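Observations on the three-dimensional arrangement
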Amino acid sequence: MSTIQDRLKPIVALCKRRGFVYPGSEIYGGFANTYSFGPYGAELKKNIKDLWWKMFVHERRDMVGLDGPILLHPKVWAASGHVEGFNDALIDCKSCKGRFRADHLIENALKLDADGMSLPQMTDIIRSKVKCPKCGASDFTEARHFNLMFQTQMSKTSADGDVAYLRPETAQAIFVDFKNIIDTMRVRIPFGVAQIGKAFRNEITPGNFVFRVIEFEQMEIEYFIKESAWEATFDRWLQSMHEWCRAIGLKESRIHEKEHPKEQLSHYSKRTVDLVYDFPFGRSELYGLAYRTDFDLKRHAEYSGQTIEYTDPETREKFVPHVIEPTFGVERTLLALLCDAYEEQQLDNGETRTVLHFAPRIAPIKVAIFPLMKKEPLSEKAQKIFAELKRFWYCEYDESGQIGKRYRRQDELGTPFCITVDFDTLENDTVTLRDRDTMQQIRVPCSQLLEVLSEKLK
Ligand code: GAP
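In this text the structure is predicted, and so the values were computed from the model without any measurement.

**Structural notes on the environment of Asn33**
Within the fold, Asn33 resides in the loop between β1 (21-23) and β2 (35-37). On the basis of relative accessible area, Asn33 is assigned to the partly exposed category, the value being 26%. Taking C-alpha positions, Asn33 is 33 Å from Tyr407, a pair spaced 374 residues apart along the chain. Aside from chain neighbours lying at most four places away, what touches Asn33 is Pro206, Gly207, Val213 and Ile214.

In structure tokens:
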């Protein structure tokens, strides 16, 4: 039977081999839990972010975008509750100095949900029932809180001391600029503000490839409403999040909803539902949807001394809006897409074909164009087609090696269509169009290529 790591291993290997994801700072021996997104990983991430922005900002009338700073005033994180409460419980093995998240130790060793347990409870359970996963000893320190925010130093002239934090969520920049947005834009409640950007967390035990990393990207929406509308708005956003999963082509059977029990809610949330995905290493959080109430805006009003209110243009009623927050991780989206799309097929000739079945709209390369062999006038004709198609889609031209190997390479990159210019092309101006999933080839007149591909790549 394959182990969890075995099931993720071929995907990690393909990512390195084919230029999706490289280990961070590899020439220096690596830098733990950091990754570089190679040319195809960068394309995939860009496609994810572009489609998200199109679907949630451009195609809606009730949304605007924002690009706020990574470094916000340190008071922001006091107001948001992150300085005080953005902690994980950490515990060390005294024998091998291994460092673990206490809740993960309990969950993995005893299959017990540790959310909501106090530090002394976790210490007692671990000391009495858990062995160190690294060395097998049962000699643990007390569990203690560890703040996940990365700290950095500002210049010595900074008025509020030297410490600044790299943002652990993008959301706060939206709350900080709420007043600017209502003063400068013609937005009316209900409306939302969307943002895509980097977030940083000093995770105690990162892992499972890019699933839990210390530097990642979030795509977040803060949707401002009247308090009375929260339940209906929450339900609508939950459906929109499922629609997004369908749009990027994730298998619906692998996506589930997980309601957070009341006692496990974050300090700002009155209700949270996670969309969890069946990753090779188990069912884990992909996205989250939270009802943040008016917590953040009220706290920023309190800590900044500013009035942060919305005035209803009809009734002139002033109030602090409530917030529904759908949040999406870019790296987790990429990982779910890779796991969902990955297949090793046994072919009749005994070979194994590795394919990424990406939905065309998300695939890094849309079309690959080959001459049957590197020879004129086949190459010239293929390059002409490449020049024409790359005006519309990200395409790749390849003329090196056997044609079969070139197809296999594109299968591993998840390219939905390959076009081959062969000797018949010179006779009748048609090319073969190969479908990645069925491997079927049809002949298409060159004059119809744009039309046929536009339909297939919709
Ligand atoms: N503003 C709310 C918020 O930050 P969260 O559940 O802590 O909520 C939101 O994070 C999303 O960010 C998660 O659903 C996940 O997709 C992604 N995410 C969180 N921590 C991550 C990490 N360490 N590595 C990669 N992605 C992460």
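**Structural notes on a nonpolar patch on the surface**
Taken together, the side chains of Met373, Phe423 and Leu426 present a nonpolar region at the surface, about 260 Å² in accessible area. Relative to the helices and strands, Met373 resides in the loop between β19 (367-371) and α12 (378-389).

**A few points about the pattern of salt bridges**
Enumeration according to the criterion identifies 40 salt bridges in this entry. Here Arg18 and Glu412 are joined by a salt bridge, their closest N and O atoms 2.7 Å apart. Of the two residues, Arg18 sits in the loop between α1 (4-17) and β1 while Glu412 sits in helix α13 (residues 403-413), which places them 394 residues apart along the sequence. For Glu412, a relative accessible area of 10% puts it in the buried group.

**Focus on the site of the ligand**
By nearness alone, 20 residues border the ligand, and Glu169, Glu203, Glu220, Glu285 and Leu286 come closest of all. The separation between a nitrogen atom of the ligand and a polar side-chain atom of Glu169 is 2.5 Å. Here an oxygen atom of the ligand sits 2.6 Å away from a polar atom, N or O, in the side chain of Glu285. Protein burial of the ligand: of its 560 Å² of free accessible surface, 91% is covered by the chains. Broken down by secondary-structure element, the contributors of at least two residues to the shell around the ligand are β10 (215-225), β13 (282-293) and β16 (322-329). The element best represented in the shell around the ligand is β13, accounting for 5 residues.

**Comments concerning the sheet that holds strand β4 (residues 87-92)**
Read from one edge of the open sheet, 3 strands run β5-β4-β6, paired in antiparallel fashion. Two strands in the sheet have a free side with no partner beyond their single neighbour: β5 (99-101) and β6 (144-147). When strand polarity is set aside, the average angle formed by the axes of neighbouring strands in this sheet is 50°. Where β4 lies against β6, 4 bridges are found, and the strand directions are antiparallel.

**So, the packing of aromatic side chains**
Across all of its chains, the model carries 26 aromatic pairs by this definition. Aromatic pair Trp230 and Tyr291: ring centres 4.2 Å apart, planes at 10°, arrangement stacked. Placement of Trp230 in helix α9 (residues 230-247) and of Tyr291 in strand β13 is noted, with a sequence separation of 61 residues between them. This pair shows no difference in class: Trp230 is buried, exactly as Tyr291 is.

**Structural notes on helix α2 (residues 39-58)**
Here α2 is 20 residues long and its end C-alpha atoms lie 26 Å apart, about the 28 Å a rise of 1.5 Å per residue gives. Along α2, the residues classified as buried are Tyr40, Gly41, Leu44, Lys45, Asn47, Ile48, Lys49, Leu51, Trp52, Met55, Phe56 and Val57.

**Overview of the packing of α2 against helix α11 (residues 330-341)**
Where α2 meets α11, the axes come as close as 10 Å, and the angle between the chain directions of the two elements is 110°. Judged on the interaxial angle alone, α11 and α2 are roughly perpendicular. Seen along the crossing, α2 lies across α11 with a hand that is right-handed. Note on element contacts: α11 touches α2 through Val330, Glu331, Thr333, Leu334 and Leu337, opposite Gly41, Leu44, Lys45, Ile48 and Lys49.

The rules we used
- Residues numbered from 1 in each chain as written.
- Predicted model: local features only at pLDDT ≥ 70, side-chain atom pairs only at ≥ 80, totals over all residues.
- Heavy atoms only, no water.
- Helix = DSSP H or I, 4+ residues; strand = E, 2+ residues; numbered from the N terminus.
- Buried < 20%, exposed > 50% of the residue type's maximum accessible area, 1.4 Å probe, protein only.
- Contact = heavy atoms within 4.5 Å.
- Patch = residues over 30% accessible without salt bridge, like charges linked within 9 Å, V, L, I, M, F, W, Y side chains within 5 Å.
- Areas by Shrake-Rupley, 256 points an atom, 1.4 Å probe, with all protein chains shown as cover.
- Salt bridge = Lys/Arg side-chain N within 4 Å of Asp/Glu carboxyl O.
- Near = heavy atom within 4 Å.
- Polar contact = N/O pair within 3.5 Å; in protein donor to acceptor, adjacent residues only side chain to side chain.
- Pairing = 2+ DSSP bridges.
- Axes fitted to C-alpha atoms, helices over the stretch in contact; angles between N-to-C directions.
- Phe/Tyr/Trp six-rings, centres within 6.5 Å; stacked < 30°, edge-to-face > 60°.
- Expected span 1.5 Å × (residues − 1).
- Parallel < 35°, antiparallel > 145°, perpendicular 65-115°, else oblique.
- Left-handed = near helix turned anticlockwise from the far one by under 90°.

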